[in-house]
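What follows is the residue order along each chain.
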Amino acid sequence: MTTTVDKARRLGRIGAVLMTPIAPADEWRRAARRVEDAGYGALWVNELIGGREVFAQLGVMLAATERIVLGSSVANLWARHPAAMQGAASVLADAYPGRLALGVGVSMPMMVEQSGQKWTSPLARTREYLDGMDAAAGTAPAPEVPFPRLLAALGPKMQELARERADGALPAAMPAEHTRRTRERLGEGKLVAVMQSAILETDAAAARGIARGTGLLSMPGSPYVRALRDLGYGDADVEGGGTDEVVDACFAWGDGEAVARRVRAHLDAGADHVAVSVLAPDLASAADGYERLAPVLRDL
C-alpha cells in the first residue's frame, strides 16, 4: 500500500516550476533534463485553457528525463471532462511508475468565461468534478504505483475538500503563515506542496515591479486576494498590485540565500515539498535560474 509518506518522498523536498508559455518542445526537453541534473525532486508545469495541454507537456518531459517526478500545477478542470483527466493521468502513471503527480485546479472566472464556459461555484464544481474522476477510475486498471492527487486549495473550504477527497493541497504564491494554516487544516496525514515564486533580483524596486507585473493580485477575481484577506490583510494592502509588504510576503526576491530562507520558512511551517517558480526576464531559460539556485536549495 502506497502511503502519503511514500508519495512525499518521491516528490522530494524541493521542486521547480516551468510556466506556460515557453519555447518549443526541444526547450521543454532541455530544461527538464537540466532541472533533473541539478538535483530537484520534482518539476511542475501549469496550464491555461487552450494552447499547451498539460498532459501532452508532461508526456514530452517524462520521456526526456529519467527519474524526476513531473507534476501538473495545475491541470485545469475546465479544460477537460473528468474522465479524460483521470484517464490521462492513469496512462502516464502506468507508463512512468512513481513519476507523476496530479495537481487539479479550478482556475479563475475571467479565464473560464473567455473560454466560452459559464463560471459556477468553484467548491461545488470541484466536488462534482472529483466525483466524475472517481467514477471513471473504476473503468480501467489502476496504475501499479498510484499517483498523488492534489487540489490547488487556497481557502479553508477548498482545503477541507482537499483533506477529504485528495492526497493533499497545492497552494501557490502565499506567505509562510498560509502554509502553517494549511498544515493545521489538513493534518499530518496529507501532503502540503507549496508553489513559491522567486525573483532573482537584488534591487527592491525592480524585483517588486516584476512581481506586480505578473498580475497576481490585480487580475479580476483573483483568488490570491481573497486568500490574503483571510490572512488579515485589508483592501488597502492588496489594491494596485499590493503594497510592498504584501509583495514581499508573496514573492521571494533577492539572491539565492534570500530565496532559500523563504523556502526554509515554508518547510518549517509544515510544507512537505516546496516548488520554486523562478521569475527572471533576463534569463535565456528558466533552467538557468534553477541551476543558479541549486547549490543553496540542495542543503534544504
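Below is a summary of the structure that appears in this document. The model shown is predicted, which means the values in this text are computed figures rather than measured ones. (Residues numbered from 1 in each chain as written. Predicted model: local features only at pLDDT ≥ 70, side-chain atom pairs only at ≥ 80, totals over all residues. Heavy atoms only, no water.)

1. Things to note about the overall build of the protein chain
Item 1. Within the protein chain one finds 14 helices and 10 strands.
Item 2. At 18 Å, the protein chain has a C-alpha radius of gyration in line with the 19 Å of a compact globule built from 300 residues.
Item 3. In terms of its C-alpha atoms, the protein chain occupies a principal-axis envelope of roughly 55 × 40 × 40 Å.
Item 4. Residues counted as buried form 53% of the 300 residues belonging to the protein chain.
Item 5. Averaging the coordinates of the 33 positive side-chain charges in the protein chain and doing the same for the 37 negative ones gives two points 3 Å apart. (Helix = DSSP H or I, 4+ residues; strand = E, 2+ residues; numbered from the N terminus. Rg over C-alpha atoms; globule rule 2.2 N^0.38 Å. Buried < 20%, exposed > 50% of the residue type's maximum accessible area, 1.4 Å probe, protein only. Lys, Arg positive; Asp, Glu negative; His and termini not counted. Charge placed at Lys NZ, Arg CZ, Asp CG, Glu CD.)

2. Some points on the nonpolar core
Item 1. The biggest cluster of nonpolar side chains holds 76 residues, and the ones touching the most others in it are Tyr40 and Trp44.
Item 2. In this structure, Leu154, Ala227, Val246 and Phe251 belong to the second largest nonpolar core, which totals 20 residues. (Core = buried A, V, L, I, M, F, W, Y, C linked by side-chain atoms within 4.5 Å.)

3. Quick notes on the packing of helix 2 (residues 25-37) against helix 14 (residues 286-298)
Item 1. Relative orientation of the contacting elements helix 2 and helix 14 amounts to 5 degrees, with a least axis distance of 9 Å. With respect to each other, helix 2 and helix 14 are oriented roughly parallel. For the pair formed by helix 2 and helix 14, the contact residues are Ala31, Arg34 and Val35 on the first element and Ala287, Asp288, Tyr290 and Glu291 on the second.
Item 2. The residue inventory of the contact of helix 2 with helix 14, partitioned by class, reads four nonpolar, no polar and three charged. (Axes fitted to C-alpha atoms, helices over the stretch in contact; angles between N-to-C directions. Parallel < 35°, antiparallel > 145°, perpendicular 65-115°, else oblique. Contact = heavy atoms within 4.5 Å. Nonpolar A, V, L, I, M, F, W, Y, C, P; charged D, E, K, R; others polar.)

4. Remarks on the packing of helix 3 (residues 54-64) against helix 4 (residues 82-95)
Item 1. Contact pair helix 3 / helix 4: the axes reach a minimum separation of 11 Å and the direction vectors enclose 0 degrees. One element, helix 3, and the other, helix 4, form an angle in the roughly parallel class. Taken together, the residues of helix 4 that come into contact with helix 3 (itself represented by Phe55, Leu58, Gly59 and Leu62) are Met85, Ala88, Ala89 and Leu92.

5. Section: the pattern of salt bridges
Item 1. Counting across every chain of the model gives 18 salt bridges.
Item 2. It is possible to trace a salt-bridge network through shared partners that takes in Asp131, Asp134, Arg149 and Arg165. (Salt bridge = Lys/Arg side-chain N within 4 Å of Asp/Glu carboxyl O.)

6. Some words on the pairing of strand 2 (residues 42-45)
Item 1. Taking every second residue as pointing to the same face, both faces of strand 2 are buried, with Ala42 and Trp44 on one and Leu43 and Val45 on the other.
Item 2. In this sheet, strand 2 lies alongside strand 1 (residues 14-18) in parallel orientation, the contact comprising four bridges. Of the residues in strand 2, the one forming a bridge with Gly15 is Ala42.
Item 3. Bridge count between strand 2 and strand 3 (residues 69-72): four bridges; the pairing is parallel. In the strand pairing of strand 3, Val45 is matched with Ser72. (Pairing = 2+ DSSP bridges.)

7. Re helix 9 (residues 204-213)
Item 1. Turning to helix 9, its buried residues are Ala207, Arg208 and Ala211. Buried residues in helix 9, looked at end-on, bunch into an arc of 95 degrees, giving them a common side. Residues Ala205 and Gly213 are exposed on helix 9 and point more than 90 degrees away from its buried face.
Item 2. The inward-facing, buried residues of helix 9 abut strand 8 (191-199), helix 12 (244-250) and strand 9 (251-253). (Arc of directions from axis to C-beta.)

8. Section: empty space enclosed by the protein
Item 1. A full pass over the atoms with the stated rule returns three cavities of 30 Å³ or more.
Item 2. By volume, the largest cavity amounts to about 40 Å³.
Item 3. What lines the largest cavity is Ala211, Arg212, Thr214, Gly215, Leu216, Leu217, Ser218, Gly241, Val247 and Phe251. (1 Å grid on protein atoms, 1.4 Å probe; cavity = no way out; pocket = protein on both sides within 12 Å on 5 of 7 lines; lining within 4 Å. Points joined across faces, edges and corners; volume = space filled by probe spheres on them.)

9. So, helix 13 (residues 256-268)
Item 1. With 13 residues, helix 13 should cover 18 Å at 1.5 Å per step; its first-to-last C-alpha distance of 18 Å lies within 8% of that length.
Item 2. Looking at helix 13, one finds that the buried residues are Gly256, Ala258, Val259, Ala260, Arg262, Val263, His266 and Leu267.
Item 3. You can read the cap of helix 13 off the contacts: a side-chain oxygen lies 3.3 Å from the backbone nitrogen of Glu257, and it is on Asp255.
Item 4. Residue Gly270 follows helix 13 closely and has a positive phi angle near 120 degrees. (Expected span 1.5 Å × (residues − 1). Polar contact = N/O pair within 3.5 Å; in protein donor to acceptor, adjacent residues only side chain to side chain.)

10. A short note on the environment of Val60
Item 1. Locating Val60 in the fold gives a position in helix 3.
Item 2. Val60 sits 201 residues away from Arg261 along the chain, and the two C-alpha atoms are 33 Å apart.

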